[in-house]
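# Residue-level structure breakdown
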Amino acid sequence: MNRGDATQASKAQQAADDADASLDEGLAPVLEAWAHASTDASLVDADAAACHASTPSNGWLHAAVSDVGAAVFARYASCRVEAARAQAACALLTEADEDASADDVEDTDRRERLQTACAVGRRGVSAACGWVASALQDCAPKLLALQNENDPVVVDATLEEARVLVAIAGALVADDDDAGETPEVPLAVLAAARLDPQAGAAVGSVVGASLQLVEATHAASPALATTLAWFLRRVAAAYAAPGVSNAFAGCPSPSQLARGAARAAVAWLEAWPSEPQTARGACLLLGSLASARRGALAGDAWAEVQPLVQAHAQSLTTGDDSLTRAVSRLAPERRTDLATALADCALAVDASSSSNAFQSIIAPIESVAQQACTQQADLELVLALYRGVATAAAAQALDGPGATLARRRPADAVARALGPLVDAVSTLQDATLFQRCASSCLSVAKDAASAQLPYASRPAKALLLQAAPKCVALCARGAFGREDEDDRFSDLGSALELVDRLVSYDVLVVDEEEEESESPDGVGAGLECLSLIVPNLDEALLEGRSAAGARFFRAVAAVVDVAPDRLLERRDLATGMAQALRFGAARADADAARAALHATRGLAARAAADANYHDASAWLAAAGGVLRPLLEHRSAVWDRVDDAADAVLACLAASGCASRTISTEAAQAVSRSITENAPADLIFDLEQLDSAGRAALSSAPTVPRALRHRDAR
């Protein structure tokens, strides 16, 4: 067949349209109807009873739904495979974008329909899994025959057929993992296997046929490899549970699954290093093997990834074999993913066996880091690797003789290197390279604070807290901006997230030789970071980037909750922050406005308790900043009225109104802080607010008592 042939292209387009119509118009209503029947509460209860070795009470209903469910599923699956072949041929013949073929895993609508079809198919596990296993077994020789196939349409159609079959198999035999939870064997599948050995054997044949497909098609296509990696992540986690595979005759053992998956991941990285989705899928697969079932698969996976461990080390020196060259070709983001995956595998092994496999991962990185700091070369690569190490967290959920030491190793490694790397980046002369490396330093600090700080040794905590403000300072030198303007807000978001993590984990590191007041602590480091961020904020940024603005106000609220007095002690920082908070209180974004009001209330309440911080003009201006949007928008601020009332009372208390009632005089003072020429209706509104306030709080007429009254309420 030839590309651009109008007749062939027209036929392919018609076949693709017919396949879509069959799925969308013919099968979709049937699937939805039987999905409701398949998830009936009585059937779910029967599944639960079967899983607990009880006899279900409504076998007749299960049998009726089973027969029809299997038939509906088989019809859907066969139509979906034919649609995939037609769409692949159409994309090739019409020279369409190669991503035009819908992806069941990534496309939301089709993925939802796939999940619906598989829920129906699980009512007839034996027949549904039998159909899928047979289709996978038939597909394997087709894939092998592609080595001698010259027709590109046949090649693309066959690869797409295999990819869709694998997606169907994964959705059928394992629960959806998109919510971030550990995939499990579906209740209906487990119940069917315990009631009928043939159903269990059919499930085992699906898993076994899929694993055979993996072994036979390592370099078939990046799209197929990506889907197979997704399948193995899902199935290895679900079927590696102790005793689960025993219920499914013919199912590979957990060790076989782990070893096969690890070998496949290494092969995919070697074959497709320039395909970002495939490389990321392979790395995620390795990471999932490290953490699945509390590290039970880590030993098997570690044995199979030794060639990759060696390639990782040699890629940083002078290695030249094919796997080493492939690792060297990975993009920086994928080198980060690979470092995380290998570190997770090593740490899981260390946690269970008290070994030090992690050393084989970190030693080459430390060696090249020393050279990078001295020669100012390969800094981007080194920072990408350390970011991967900073997010390695497999050992944190594991128990074992070496778990305590394993949890500390990533944080200690990052802490040792981050300070010297920051110093090296600060001397770079190339502005573009400096900004990229500064952003990477900030990402390393943020990731380490998020994932590692609670587990770090005391010296490592001190080093991380000292390095964090330096990383923010690097980005502040360029106003958190790079060539692409969006990166400014990305870096700003990372800096604010770092502040939140430092303040949330309020760690105080005290050495025996130091005074406590001189020791590094999380709040102090967070305030130092905040002092570098605030000068780079402006109304356009906070208004135009609602996510960045909301994160800033949440970070300030977190600081105020933990240490308002320490913030007030830094007058310059408190002044700049107060201006930003006044702006934040007027935001349309309710979350940002409430966070700003919460922070304003916390600062003012702390100031009210200490006469040293009483400043009538400043706090009346703050109260005016809170009241302005309320009075201008009136009914449109229902989502923040209570927060605003708390903030206004606290500001009045901090202004020195400690012994007088909430009077018209105070209201007029507030109105003058809003504008020198306050319109009459604004003053009237304030007087009405004052009158209502005095009536509502007649039992607590003074500001401090009113504030305590609201707290108690």
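The shown structure was predicted, so the numbers you read here are calculated from the model rather than taken from an experiment. Sequence positions are assigned chain by chain, starting from 1 and proceeding in written order. Confidence filtering applies because this is a predicted model: local features only for residues at pLDDT of at least 70, side-chain atom pairs given and counted only at 80 or more, and all residues used for totals across whole chains, interfaces and linings. With hydrogens and water excluded, all non-hydrogen atoms of the structure serve as input to the side-chain values.

Runs of H or I in DSSP of at least four residues are treated as helices and runs of E of at least two as strands, each being numbered from the N terminus. Along the backbone of the chain there are 32 helices and zero strands. Evaluated residue by residue, the chain yields a buried proportion of 54% over its 713 residues. Using a 1.4 Å probe, the Shrake-Rupley method yields the accessible areas, and only the shown protein chains count as cover for residues. Accessible surface for the chain amounts to roughly 30100 Å². Of this, 49% is attributable to carbon and sulfur atoms. When a residue's accessible area, from a 1.4 Å probe over protein chains only, is under 20% of the maximum for its type it is buried; when over 50% it is exposed; and in between it is partly exposed.

Notably, D378 is not glycine yet its phi reads approximately 60°, a positive angle. By the element assignment, D378 lies in the loop between helix 16 (358-375) and helix 17 (379-390). On the basis of relative accessibility, which here comes to 48%, the residue D378 falls in the partly exposed class.

Take the pattern of salt bridges next. Each reported salt bridge corresponds to a side-chain nitrogen of Lys or Arg within 4 Å of a carboxyl oxygen of Asp or Glu. Under the counting rule described, the total for this entry stands at 14 salt bridges. The salt bridge involving E161 is made with K142; its shortest N-O contact spans 3.3 Å. With E161 in helix 6 (residues 152-173) and K142 in helix 5 (residues 125-145), the pair connects residues that are 19 residues apart, well separated along the chain. Given a relative accessible area of 7%, E161 falls into the buried group. Taking relative accessible area as the criterion, K142 reaches 37% and is therefore assigned partly exposed. Between D300 and R259 there is a salt bridge, and its shortest N-O distance comes to 3.4 Å. Of this pair, D300 sits in helix 12 (residues 298-304) while R259 is found in helix 10 (residues 254-271), placing the two residues 41 residues apart along the sequence. Residue D300 is classed as buried on the basis of its relative accessible area of 18%. Within the structure, one salt-bridge network assembled from shared partners comprises R259, R263, D300 and E304.

Our next topic: the packing of helix 20 (residues 458-477) against helix 22 (residues 522-533). It is the contact of helix 20 with helix 22, at a shortest axis distance of 9 Å, that shows an interaxial angle of 5°. One element, helix 20, and the other, helix 22, form an angle in the roughly parallel class. Residues L465, A468, P469, V472, A473 and A476 of helix 20 form the contact with helix 22, whose participating residues are G522, A525, E528, C529, L532 and I533. Axis lines are fitted to C-alpha atoms, over the contacting stretch for helices. Their N-to-C directions set the angle, which ranges from 0 to 180 degrees. To sort the angles, those under 35 degrees are grouped as roughly parallel, those over 145 as roughly antiparallel, those from 65 to 115 as roughly perpendicular, and the leftovers as oblique. Every residue pair with non-hydrogen atoms within 4.5 Å of one another is taken to be in contact.

The next subject is the packing of aromatic side chains. Any two aromatic rings considered together are summarised by their centre-to-centre distance and by the angle between their planes. Only the six-membered ring of Trp is used, alongside the rings of Phe and Tyr, when aromatic pairs are assigned; centres must lie within 6.5 Å, and planes under 30 degrees apart are stacked while those over 60 apart are edge-to-face, with the rest tilted. On inspection of all chains with the given rule, the structure shows one aromatic pair. When the ring of Y239 is compared with that of F248, the centres are 5.3 Å apart and the planes differ by 65°; the resulting orientation is edge-to-face.

What follows is about the environment of A292. Within the secondary structure layout, A292 lies in the loop between helix 11 (276-291) and helix 12. Considering only alpha carbons, one finds A292 and A236, 56 residues apart in sequence, at a separation of 7.8 Å. With residues up to four places along the chain from it excluded, the contact list for A292 reads A237 and L297.

All right, on to helix 8 (residues 197-216) then. For helix 8, with 20 residues, the first-to-last C-alpha span of 28 Å sits near the 28 Å given by 1.5 Å per residue. Where helix 8 starts, the residue carrying a side-chain oxygen 3.0 Å from the main-chain nitrogen of Q198 turns out to be D196. What a helix is expected to span follows from its residue count: subtract one and scale by 1.5 Å. Whenever two N or O atoms come within 3.5 Å, that pair is a polar contact, provided that in protein one can donate a hydrogen and the other can accept it, and provided that, for residues adjacent in sequence, both atoms are side-chain atoms.

Before going further, it helps to examine the environment of S255. Within the secondary structure, S255 sits in helix 10. Measuring from C-alpha to C-alpha, the distance between S255 and G299 comes to 9.0 Å, with 44 residues separating the pair along the chain.

Time to look at the environment of A133. Structurally, A133 can be placed in helix 5. Residues A133 and A209, 76 residues apart in the sequence, show an inter-C-alpha distance of 6.3 Å. Those residues in contact with A133 that lie beyond four places of it in its chain are S205, V206 and A209.

Mean pLDDT for the chain: 75, with 71% of residues reaching 70 or above. Here helix 31 (residues 680-696) stands out as the least confident element of the chain, with mean pLDDT 44; helix 17 is the most confident, with 93. Across the chain, each position has a pLDDT score giving the predictor's confidence in that residue, from 0 to 100. Below a pLDDT of 50 lies the segment residues 508-518, which in the model reaches 18 contacts outside its immediate sequence neighbourhood of four places, other chains included. This model gives residues 658-666 a pLDDT under 50, and the stretch forms 15 contacts once residues within four places in sequence are excluded.

Where helix 9 (residues 222-239) contacts helix 10, the axes come no closer than 10 Å and their chain directions differ by 155°. In this view, helix 9 runs roughly antiparallel relative to helix 10, as classed from their interaxial angle. Handedness of the crossing formed by helix 9 with helix 10: left-handed. Within the contact between the two elements, helix 9 uses A225, L228, A229, L232, V235, A236 and Y239 and helix 10 uses P254, L257, A261, A264 and W268. Ten residue types, Ala, Val, Leu, Ile, Met, Phe, Trp, Tyr, Cys and Pro, are classed as nonpolar, four, Asp, Glu, Lys and Arg, as charged, and the remainder, Gly among them, as polar. Partitioned by chemical class, the residues of the contact of helix 9 with helix 10 number 12 nonpolar, no polar and no charged. Handedness of each helix crossing follows the sense of rotation of the near helix against the far helix: counterclockwise by less than a right angle gives left-handed, clockwise gives right-handed.

Helix length check: helix 11, at 16 residues, gives a terminal C-alpha distance of 23 Å against a target of 22 Å (1.5 Å per residue), a fit within 8%. Every buried residue of helix 11 is listed here: T278, A279, G281, A282, C283, L285, L286, G287, S288, L289 and A290. R293 sits one or two residues past helix 11 and shows a positive phi near 50°.

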